[in-house]
Amino acid sequence: MACELALEGVGFRYRNGHDAVSDVGLSLGPGIVGLLGPNGAGKSTLMRVLATLAKATTGRVTWRGEDIARKPDALRNELGYLPQDFGVYEALSAREFLQFLAAVKGLPARGVADRVDACLDMVGLHDAADRRLGTFSGGMRQRVGIAQALLNDPALLIVDEPTVGLDPEERVRFRHLLAELSAQRLVILSTHIVSDIEASAGELAVLTGGRLRFHGAPEALIAQAEGHAWSWRIAPSQLADVRAKHRISRAQRRPDGMEVRVVADSSPSADAVPVSPDLEDAYLWLLQRNEAAA
Ligand SMILES: Nc1ncnc2c1ncn2[C@@H]1O[C@H](COP(=O)(O)OP(=O)(O)OP(=O)(O)O)[C@@H](O)[C@H]1O
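As the structure is a prediction and not an experimental result, all values here were calculated from the model.

### Remarks on the site of the ligand
Taken together, 14 residues form the shell around the ligand, and within it Gly 40, Gly 42, Lys 43, Ser 44 and Thr 45 come nearest. Between Ser 44 and the ligand, the recorded distance is 2.8 Å, taken from a backbone N or O atom to an oxygen atom. Here an oxygen atom of the ligand and a side-chain polar atom of Glu 161 are 3.0 Å apart. Within the complex, the protein chains bury 65% of what would otherwise be the 630 Å² of accessible surface of the ligand. It is helix α1 (residues 43-50) that provides the largest number of residues to the shell around the ligand, a total of three residues.

Here it is, written out as structure tokens:
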């Protein structure tokens, strides 16, 4: 797979001296890359660097071999970006809003109407094209956000926490949409929610404290957690105690108590049974090991 976006020793320090991103190295080609990390891990900062909205303070990023700090337009011409705080003009219809953004982005006027329609189609908003954005649900607004990011048919699509605020059905629809879009391009999706990327991301990059802790296939992350995931039946009254001592990846109420899944170095209790880790377990296990090592 040809590498298109390469990061070498990338760091970003805010003016107050805080290192939000440190020494990140990655080589990324087509497909979906899930950038996973807890709140404050540095995901949005890194996304802004990749979107050429902030310059790396150390290291470099290249897009198709060009340094994006020196030649940002090489990347910008092929970039679609959905920031975390994407806002819409409520009084405009979806079609008017996209036409407005197409003009702002400098797309040639000829062909804009067709391109806007095509983008609305791609995100399933064809029938709502002439409705005021003020009447749209959160999921529909996010789809408008993706539609605007697709206006220039980008080879690189960066979406920052796109599922925040969506209901479960919208989340699923949104994930499918991103999976479809990744057939032709590199999609970088940041999230702190494992299920956002577990069905679609071929590659994962996990960031905590601004550092890259893992990069590779989800299966490789899962393999690291082998032997460290446990299922355990407890009484509901034990839950707080178990939570204080262990990292719980899931807790489900059962007729005869609670079933919890925990990740741990060794069996948390004589009556806990080992289970095959899934991606959620594996992610928590990675976070736990990094905290333990810090
Ligand atoms: N303008 C700023 N000045 C100083 N520090 C900042 C600034 N913006 C963010 N930070 C800090 O940099 C770190 C990384 O923030 P960032 O927003 O990139 O994380 P994130 O992984 O995107 O988290 P979230 O999911 O909460 O958005 C955090 O510790 C944050 O407090």
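Still more ground to cover, so stick around.
### Describing the pattern of salt bridges
With the rule as written, the count across this model stands at 22 salt bridges. Notably, a salt bridge pairs Arg 70 with Asp 67, separated by 3.9 Å at the nearest N-O pair. For Arg 70, a relative accessible area of 68% gives the class exposed. Given a relative accessible area of 14%, Asp 67 falls into the buried group. Here Glu 169 ties to Arg 173 by a salt bridge, and the two come within 3.7 Å at their closest N and O atoms. One end of the pair is Glu 169 and the other is Arg 173, both in helix α6 (residues 168-181) and four residues apart, which spans about a single turn. Taken together, the shared-partner salt bridges connect Arg 233, Arg 254, Asp 256 and Glu 259 into one network.

### Considering unusual backbone geometry
Backbone geometry places Thr 52, a non-glycine residue, at a positive phi of 65°. Structurally, Thr 52 can be placed in the loop between α1 and β4 (58-63). By relative accessible area, Thr 52 is classed as buried at 12%. Phi is positive for Glu 161, which is not a glycine, with a value near 45°. Structurally, the position occupied by Glu 161 is in the loop between β7 (156-160) and α6. The buried category is assigned to Glu 161, whose relative accessible area is 5%.

### Regarding the sheet that holds strand β5 (residues 66-67)
Through backbone hydrogen bonds, the strands of a sheet pair up, either in parallel or in antiparallel fashion. One open sheet accounts for four strands, arranged β2-β1-β4-β5; its pairing is antiparallel. Looking along the sheet, the strands with just one partner apiece sit at the ends: β2 (19-28) and β5. Looking at chain direction, strand β1 (residues 5-13) and β4 are connected through five bridges and run antiparallel. Within β4, the residue paired with Ala 6 across the bridge is Thr 62. In the packing of α1 onto the sheet, contacts are made with β1, β2 and β4, and the angle to β1 comes to roughly 125°.

### Comments concerning the packing of helix α3 (residues 94-104) against helix α5 (residues 138-150)
It is at 10 Å that the axes of α3 and α5 come closest, and there the two elements cross at 35°. Both α3 and α5 take part in a crossing whose hand is right-handed. When α3 is examined against α5, the residues Phe 97, Leu 98 and Leu 101 are found in contact with a partner set consisting of Val 144, Ala 147 and Gln 148. Along the lines of polarity and charge, the residues of the contact of α3 with α5 split into five nonpolar, one polar and no charged.

Thresholds applied
Residues numbered from 1 in each chain as written. Predicted model: local features only at pLDDT ≥ 70, side-chain atom pairs only at ≥ 80, totals over all residues. Heavy atoms only, no water. Near = heavy atom within 4 Å. Polar contact = N/O pair within 3.5 Å; in protein donor to acceptor, adjacent residues only side chain to side chain. Areas by Shrake-Rupley, 256 points an atom, 1.4 Å probe, with all protein chains shown as cover. Helix = DSSP H or I, 4+ residues; strand = E, 2+ residues; numbered from the N terminus. Salt bridge = Lys/Arg side-chain N within 4 Å of Asp/Glu carboxyl O. Buried < 20%, exposed > 50% of the residue type's maximum accessible area, 1.4 Å probe, protein only. Pairing = 2+ DSSP bridges. Contact = heavy atoms within 4.5 Å. Axes fitted to C-alpha atoms, helices over the stretch in contact; angles between N-to-C directions. Left-handed = near helix turned anticlockwise from the far one by under 90°. Nonpolar A, V, L, I, M, F, W, Y, C, P; charged D, E, K, R; others polar.

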